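Letter by letter, the chains look like this.
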Amino acid sequence: MKVRVAIIGGSGLYKLLEKAEHVILDTPFGKTPRIDIGYFGGVRVAFLARHAMPGSMKVAHEVPPHRINFRANIYGLKKLGAEAIIATSACGSLRRELEPGDFVIIDQFIDMTKSRTYTFYDGTTTPKELLGVDKEDLVVHIDVTEPYCPTLRRILIEACKKVGVKYHERGCYVCTEGPRFETPAEIRFFSAIGADVVGMTNVPEVILARELNIHYATIAVVTNYAAGLQRKVTQEEVIEIFNRSMKKLVKVLEEAVRNIPGKFTCECDKAVH
Ligand code: HPA
């Protein structure tokens, strides 16, 4: 049985479903971590923790951002039937008004990563082979004018309103390579070029979802002010503030998945056609 809706958990979110089946999928790009399938907010969903170890039944924070096999994760969810993915992500804030504990429904990204695999279409696979669509090109350039699904973003915004959490309707996410945090000089630069929040995982996840015609949006949780805007940045603080926001985040996600339409009117599912 297909699972239309998937949730990807970032740092701090490793388990979401109380009762779940567990699967590990083999993909042409490698194994996925454990994927949990069960009911959440009354909707059948698949949950994947992006920092969990591929091929392992154990789910923990074990894979650093630059080593995540994003292609296996996204392809695995597609194979399960995912049409919509909501991702969660911890992030640092570059703007005073985006405070720790706030949620940001990001709408743009800037890619500052260095060593990742960014595409399914690396000159060896066609969309026909990968997606079954009528396109046999070996070179595929997708449009990312609107990288995040407008329908899912609207649903997340409405869910934040309904649950009553502090949120920001948009934000530009700069993705760094990590695993180190940034220098204050880098943060000043990112701020000057238009970034609002910083994290290490949204790229290439958002791109790969789009390359497989999956509706994808991210709800980012601000866990700290970025380097130079507070005394220092620590992993402990990121996890602690994320954990404090967890109950609210779970409520927002529950409300959101309930509102995912049977049929989308946006064009994310035609990114490659
Ligand atoms: N930088 C990068 N990634 C992060 C941060 C940060 O300050 N906070 C949470 N994830």
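Let me sum up the structure you'll find in this document. (Residues numbered from 1 in each chain as written. Predicted model: local features only at pLDDT ≥ 70, side-chain atom pairs only at ≥ 80, totals over all residues. Heavy atoms only, no water.)

1. Some thoughts on the pairing of strand β6 (residues 43-49)
- Counted residue by residue, β6 has 7 buried out of 7 residues, so it is predominantly covered.
- Here β6 shows two buried faces, one formed by Val43, Val45, Phe47 and Ala49 and the other by Arg44, Ala46 and Leu48.
- By the bridge criterion, 5 bridges tie strand β1 (residues 5-9) to β6 in an arrangement that is parallel. From the neighbouring strand, valine 5 faces β6, where its bridge partner is valine 45. (Buried < 20%, exposed > 50% of the residue type's maximum accessible area, 1.4 Å probe, protein only. Helix = DSSP H or I, 4+ residues; strand = E, 2+ residues; numbered from the N terminus. Pairing = 2+ DSSP bridges.)

2. Some remarks on the packing of helix α1 (residues 70-80) against helix α5 (residues 202-211)
- At their nearest, the axes of α1 and α5 sit 9 Å apart, and the two run at 35 degrees to each other. Crossing hand, α1 versus α5: right-handed. Contacts between α1 and α5 involve Phe70, Arg71 and Ile74 on the former and, on the latter, Val203, Pro204, Glu205, Leu208 and Ala209.
- Across the contact of α1 with α5, the residue classes tally to 6 nonpolar, no polar and 2 charged. (Axes fitted to C-alpha atoms, helices over the stretch in contact; angles between N-to-C directions. Left-handed = near helix turned anticlockwise from the far one by under 90°. Contact = heavy atoms within 4.5 Å. Nonpolar A, V, L, I, M, F, W, Y, C, P; charged D, E, K, R; others polar.)

3. A few points about α1
- Taken across its 11 residues, α1 has 9 buried, putting it largely inside the fold.
- Along α1, the positions that sit buried rather than exposed are Phe70, Arg71, Ala72, Asn73, Ile74, Tyr75, Gly76, Leu77 and Leu80.
- Glycine 81 sits one or two positions beyond α1 and adopts a positive phi of about 115 degrees.

4. Points about the site of the ligand
- As a matter of local geometry, the ligand sits amid Ala90, Cys91, Gly92, Phe181, Glu182, Val198, Gly199, Met200, Thr223, Asn224, Val233 and Val238.
- One of the backbone N or O atoms of glycine 92 is found 3.3 Å from a nitrogen atom in the ligand.
- Separating a nitrogen atom of the ligand from a side-chain N or O atom of glutamate 182 is a distance of 2.8 Å.
- In isolation the ligand offers 260 Å² of accessible surface; the protein chains occlude 95% of this area.
- Going through the elements one at a time, β7 (84-93), β12 (197-199) and β13 (215-225) are the ones with two or more residues in the shell around the ligand.
- With 3 residues, the top contributor of residues to the shell around the ligand is β7.
- Split into classes, the residues belonging to the shell around the ligand amount to 7 nonpolar, 4 polar and 1 charged. (Near = heavy atom within 4 Å. Polar contact = N/O pair within 3.5 Å; in protein donor to acceptor, adjacent residues only side chain to side chain. Areas by Shrake-Rupley, 256 points an atom, 1.4 Å probe, with all protein chains shown as cover.)

5. Description of the environment of alanine 87
- Among the secondary structure elements, alanine 87 is positioned in strand β7.
- With a relative accessible area of 0%, alanine 87 lands in the buried category.
- Residues alanine 87 and cysteine 266, spaced 179 residues apart in sequence, show a C-alpha to C-alpha distance of 18 Å.

6. Here's the deal with helix α3 (residues 150-163)
- Here α3 is 14 residues long and its end C-alpha atoms lie 20 Å apart, about the 20 Å a rise of 1.5 Å per residue gives.
- Every buried residue belonging to α3 is among Thr151, Leu152, Arg153, Ile155, Leu156, Ile157, Ala159 and Cys160, and all of these are buried.
- Residue glycine 164 follows α3 closely and has a positive phi angle near 85 degrees. (Expected span 1.5 Å × (residues − 1).)

7. Examining the environment of aspartate 269
- Within the secondary structure, aspartate 269 sits in the segment after α6 (235-258).
- Distance from aspartate 269 to glutamate 97, taken between C-alpha atoms, is 34 Å for residues 172 residues apart in sequence.
- Discounting residues that sit within four places of it in the chain, aspartate 269 has contacts with Asn213 and His215.

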